[in-house]
Amino acid sequence: GQQVMQIPQYQHVQEGEDFTTYCNSSTTLSNIQWYKQRPGGHPVFLIQLVKSGEVKKQKRLTFQFGEAKKNSSLHITATQTTDVGTYFCAGPRSGATNKLIFGTGTLLAVQP
Amino acid sequence: NAGVMQNPRHLVRRRGQEARLRCSPMKGHSHVYWYRQLPEEGLKFMVYLQKENIIDESGMPKERFSAEFPKEGPSILRIQQVVRGDSAAYFCASSPGTRTNEQFFGPGTRLTVL
């Protein structure tokens, strides 16, 4: 079946270092979404990318959608302790645009 | 504008009891999704509903689990005869159902089965 994988599963960085998580889908996606879940919290929508090769920035966060629309990345520049959490990518299930398949997630720990 | 509301936030049940989880979507949202999250794991889709209709329940176990979204009132996820393996966080999300399928999540219900 359709799968969305993320690497790494876990990343521990020193505050101020950069961080990147990669998302790979087994199928082409019409769009990709990113969510952040703080420890003990609930997922919060960050952004949606639609176009092939699209790049969007939100302050220190840079999101990219691959040319083939099967992969995506989230890069955080100069991490802060407030960046701690699990980052999930999600894409529509094939043939069902209202249903999302979530990636496996990357847990980011930031040491002050 | 209130966000997605879920209650209870924490629920403790003994094996064999029933668990009822409630979700009120954001105002104006007619699409509701339920997810299950085990500790240290990702979100697993369970069921997708619109008002009075189950659109997709492919992620929901065939036995003991049911969901509804009545014309009036919240969406309900019901788990009968709970077992320890049902212990998890259950999140509800809603969306307006437009082409932008961004989902807004509730705070979740943490179910513990003793």
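The sections below set out a description of the structure shown in this document.

### Re the overall build of chain A
Move 1: Summing up its helical and strand segments, chain A has zero helices and 11 strands in all.
Move 2: In chain A, the order of α-helices and β-strands from amino to carboxyl end is β-β-β-β-β-β-β-β-β-β-β.
Move 3: At 13 Å, chain A has a C-alpha radius of gyration in line with the 13 Å of a compact globule built from 112 residues.
Move 4: When the backbone C-alpha atoms are referred to their principal axes, chain A occupies close to 45 × 30 × 20 Å.
Move 5: Residues classed as buried in chain A amount to 47% of the 112 residues present.
Move 6: When contacts within chain A are restricted to residue pairs at least 6 apart in sequence, those whose partners lie at least 24 apart make up 54%.
Move 7: For chain A, the computed accessible surface area is about 5,300 Å², with 51% contributed by carbon and sulfur atoms.
Move 8: A gap of 12 Å separates the mean positions of the 11 positive and 6 negative side-chain charges of chain A.

### Considering the packing of aromatic side chains
Move 1: A full pass over the atoms with the stated rule returns 11 aromatic pairs over all chains.
Move 2: Consider the rings of A:W34 and A:F63, whose centres lie 6.4 Å apart with planes at 50 degrees: the pair is tilted. In this pair, A:W34 is assigned in strand β4 (residues 32-37) and A:F63 in strand β7 (residues 61-65), connecting sequence segments 29 residues apart.
Move 3: Residue A:W34 is classed as buried on the basis of its relative accessible area, which comes to 0%.
Move 4: Overall, the relative accessible area of 0% leaves A:F63 in the buried class.
Move 5: Ring centres 4.7 Å apart and planes at 15 degrees place the aromatic pair B:Y33 and B:Y48 in the stacked group. With B:Y33 in strand β4 (residues 31-37) and B:Y48 in strand β5 (residues 43-50), this residue pair connects regions lying 15 residues apart in the sequence. One exposure class covers both B:Y33 and B:Y48, and it is buried.
Move 6: In this structure an aromatic cluster arises from ring pairing among A:Y35, A:F45, A:F88, A:F102, B:Y35, B:F45 and B:F105.

### Looking at the state of the cysteines
Residues and elements named next belong to chain A.
Move 1: Here the structure, examined in full by the defined rule, presents two disulfides over all chains.
Move 2: The side chain of C23 participates in a disulfide bridge whose partner is C89; the two sulfur atoms lie 2.1 Å from each other. Where C23 bonds to C89 through sulfur, the torsion about that S-S bond is close to 80 degrees, and the disulfide is right-handed. Here C23 is found in strand β3 (residues 19-25), whereas its partner C89 is found in strand β9 (residues 85-93), with 66 residues between them in sequence.

### Focus: the sheet that holds strand β8 (residues 75-79) of chain B
Residues and elements named next belong to chain B.
Move 1: Taken in spatial order, the four strands make up an open sheet running β1-β3-β8-β7, and their pairing is antiparallel. Unpaired on one side and paired on the other, β1 (5-7) and β7 (65-68) mark the two borders of the sheet. Neighbour-to-neighbour, the strand axes of the sheet open up by a mean angle of 15 degrees, direction not taken into account.
Move 2: Pairing geometry for strand β3 (residues 19-24) and β8, over five bridges, is antiparallel. Within the sheet, the bridge partner assigned to L21 lies in β8 and is L77.

How each quantity is defined
Residues numbered from 1 in each chain as written. Chains lettered and ligands numbered in written order. Predicted model: local features only at pLDDT ≥ 70, side-chain atom pairs only at ≥ 80, totals over all residues. Heavy atoms only, no water. Helix = DSSP H or I, 4+ residues; strand = E, 2+ residues; numbered from the N terminus. Rg over C-alpha atoms; globule rule 2.2 N^0.38 Å. Buried < 20%, exposed > 50% of the residue type's maximum accessible area, 1.4 Å probe, protein only. Contact = heavy atoms within 4.5 Å. Areas by Shrake-Rupley, 256 points an atom, 1.4 Å probe, with all protein chains shown as cover. Lys, Arg positive; Asp, Glu negative; His and termini not counted. Charge placed at Lys NZ, Arg CZ, Asp CG, Glu CD. Phe/Tyr/Trp six-rings, centres within 6.5 Å; stacked < 30°, edge-to-face > 60°. Disulfide = S-S within 2.5 Å. Pairing = 2+ DSSP bridges. Axes fitted to C-alpha atoms, helices over the stretch in contact; angles between N-to-C directions.

In short, shape yes, function no, at least from these values alone.
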